[in-house]
Every structure is written in structure tokens, then in C-alpha cells.
Amino acid sequence: MTVVRVRVVVDGVVQGVGFRPHAHRLATELGLDGFVGNGSGSVFAEVEGAEDAVAQFLERLELDAPPLARVTGLHAERLPPSSADASASSLQGTRGGFAIVASQADRGAQRFVAPDAAVCPRCLAELFDPGNRRYRHPFISCSDCGPRFTIVRSLPYDRATTSMAGFELCAACRVEYGDPRDRRFHAETISCSDCGPQLSFEDASGVVLTGSDRAIAACQAVIRDGGIVAVKGLGGYHLVCDARDDDALARLRRAKHRPHKPVAVMVRDVDDARSLAEL
Ligand SMILES: [Zn+2]
Ligand SMILES: [Zn+2]
């Protein structure tokens, strides 16, 4: 068996999209040793193993990339096998396995930050599953979804460089973060209701209610009573009122200086939308 060792640098939208876990799974599946990490804007990896397995790794690294990733360049460089290279200290400590290593700032890299992504179908299913530990957790996310651009402060992309830095993972979240078979493996934005941010509600007089359930209940009450709620989302605030309440809508239009322009209407699902409009 010919053993080869390759260093690869991947450019594009490759941070915050589950690319390192993807490389980890792929290398493990193919029986390769090595490591992967985030550079300033790229992902770097080194793999060593059977020649055909390394070739497959390089091919599938881009081909099977996670849904949010956009690979714009993949540069592979062949290195001498670590057994013949006294300077191959980088592979030391990862012999017999594949590791996600600490991020390294590098210069000259192109920097792309992944955009925020809407909640994915799997997170959505968990959100409404009473048996799931993230049931009704408003900040649910995984490698395939959640905020990125809005919360990142600098690159390389790590939890410490996002606004999630202040929320230390609880034991259960840490297990998911460290499990290569979990879709939250090394997902930097994850949290649960035990360790993540909570919603809060502030009324017009400045009184603050904390706790996600209480905040949502307070919003519902305001909307039901014909009021307007400013909901802070990822990209800013949106103003919400009951679209069936003409007085509330008139106040909203006055507040937004939008006497005629159409406003967006939220409905539960497509069937509800059909009851209001022709689709
Ligand atoms: Zn998700
Ligand atoms: Zn947690």
C-alpha cells in the first residue's frame, strides 16, 4: 500500500457551515490520519493514508460539502509521508486518528462569512417535539442552520469570536459538540434552554419580563389587545400586529409612514395562506 500525505487548503464559505466536522467524518470513514482546522478565512487540513483513500477524500471534500458551504478553491499539496519527514510534527499527537485542531490566523486569506440561515427542517421538528430537550428553545440551531454573519465578530470562526461567547455550553450540549456522529459536532452556535440566551420582553414603560415562555406570552397579549410588538430578529427588528385588526394596522402604517405600501402577512402554513389569497 502506498501511503501519501497531503496538505489541503479550502477557500470559500467554509467556516460556520460544518466543514470541519464534514472533513472529520470523511477522513474517519476513509481511515485517514490527520487534522483539520479553521484559518483566517479558509479551512486547512492534512491527511495521510492509502493513496486511493486520500484521492477520495480530496474529491468528496468538495463534492459532499455541507449545504451551506460554497467552495471557491481547493489547493492540495503533496507532502512526504510523516514517517520520512522529521519536520512533520503537525501530525504528531493525531497518529491513528483524525482531529479538529485549534484555529490558526493566517494572512492573505480571502474572508467569506457564511450568511445567516433559516431554521432547518430537523431543528424545526425538534423545536415542536415535546420530548426533545430543545422543545420551544427559541435559539435552536445546528451545523446546517442558524445565525452566522449577524453574530460573528472576527475570523477564524469559533464560538469565542461570536456573540455566543458568553454562553458556556452545558454538559448535554458539550456532548453533542464533541460527538462526530452528531449534527451539532463542532457547531459553534448551539445552545439549549439550560445554557443559551433567553427571550425577554420590555413593555412601553420599560418594565422587563425575562424567560422565553413569559416573553412570548406577553407578546401574544399585546398583539391580541391590538398593540404593536417590535421583535428583534437576526437582521434587525420587525414590527408585528394582528393583520385582521384594522385599528392596529392603521397605527402600524402611521408609525412606519407607509400609508399604502403592502405589508408582509405571516400565516401558519400554506393552507392558511390559501384561505387569504390565491396561490
Ligand atoms: Zn438546524
Ligand atoms: Zn445546553
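What counts and what doesn't
Residues numbered from 1 in each chain as written. Chains lettered and ligands numbered in written order. Predicted model: local features only at pLDDT ≥ 70, side-chain atom pairs only at ≥ 80, totals over all residues. Heavy atoms only, no water. Domains from an automatic or database assignment. Donors = N, O, S within 2.8 Å, 3.2 Å for Na, K, Ca; no water. Tetrahedral: all angles 85-135°; square planar, octahedral: opposite > 155°, others 65-115°. Helix = DSSP H or I, 4+ residues; strand = E, 2+ residues; numbered from the N terminus. Buried < 20%, exposed > 50% of the residue type's maximum accessible area, 1.4 Å probe, protein only. Pairing = 2+ DSSP bridges. Core = buried A, V, L, I, M, F, W, Y, C linked by side-chain atoms within 4.5 Å. Contact = heavy atoms within 4.5 Å.

Remarks on the domain arrangement of the chain
Interface size, as often reported, equals the accessible area lost upon joining of the parts. Each assigned domain of the chain is listed here: domain 1 (3–85), domain 2 (116–197) and domain 3 (200–276). Computed over C-alpha atoms, the centres of domain 1 and domain 3 are 46 Å apart.

Looking at the coordination of the zinc ion (ligand 2)
Every protein donor of the zinc ion (ligand 2) is accounted for by Cys 170 (SG), Cys 173 (SG), Cys 192 (SG) and Cys 195 (SG), and the metal-donor separations fall at 2.3 Å. Given four donor atoms and angles of 103 to 117° at the metal, the environment of the zinc ion (ligand 2) is assigned as tetrahedral. Donor residues for the zinc ion (ligand 2), ordered by position in the chain, follow C-x2-C-x18-C-x2-C. Of the two residues, Cys 170 sits in the loop between helix H3 (121–127) and helix H4 (171–177) while Cys 195 sits in the loop between H4 and strand S6 (200–202), which places them 25 residues apart along the sequence. A single burial state applies to Cys 170 and to Cys 195, both of which are buried.

Considering the pairing of strand S8 (residues 229–232)
Relative to strand S9 (residues 237–240), S8 runs antiparallel, the two sharing four bridges. Across the sheet, Lys 232 pairs through a bridge with Tyr 237, a residue of S9. Taking the residues between adjacent antiparallel strands as the criterion, S8 and S9 are bridged by four residues, where Gly 236 takes a positive phi near 150°.

Quick notes on the nonpolar core
Ranked by size, the top nonpolar core spans 27 residues in total, and within it Phe 19, Leu 32, Val 36, Val 47, Phe 57 and Leu 61 carry the most contacts. Where this core is concerned, the elements lending two or more residues are strand S1 (3–13), helix H1 (19–29), strand S3 (43–50), helix H2 (51–63) and strand S5 (98–100). When residues in this core are grouped by element, the largest group, five residues, is from S1. Non-local contacts of Leu 32, meaning those with residues more than four positions away in its chain, are made with Ala 27, Val 47, Glu 48, Gly 49, Ala 50, Ala 53, Val 54, Phe 57, Gly 97 and Phe 98.

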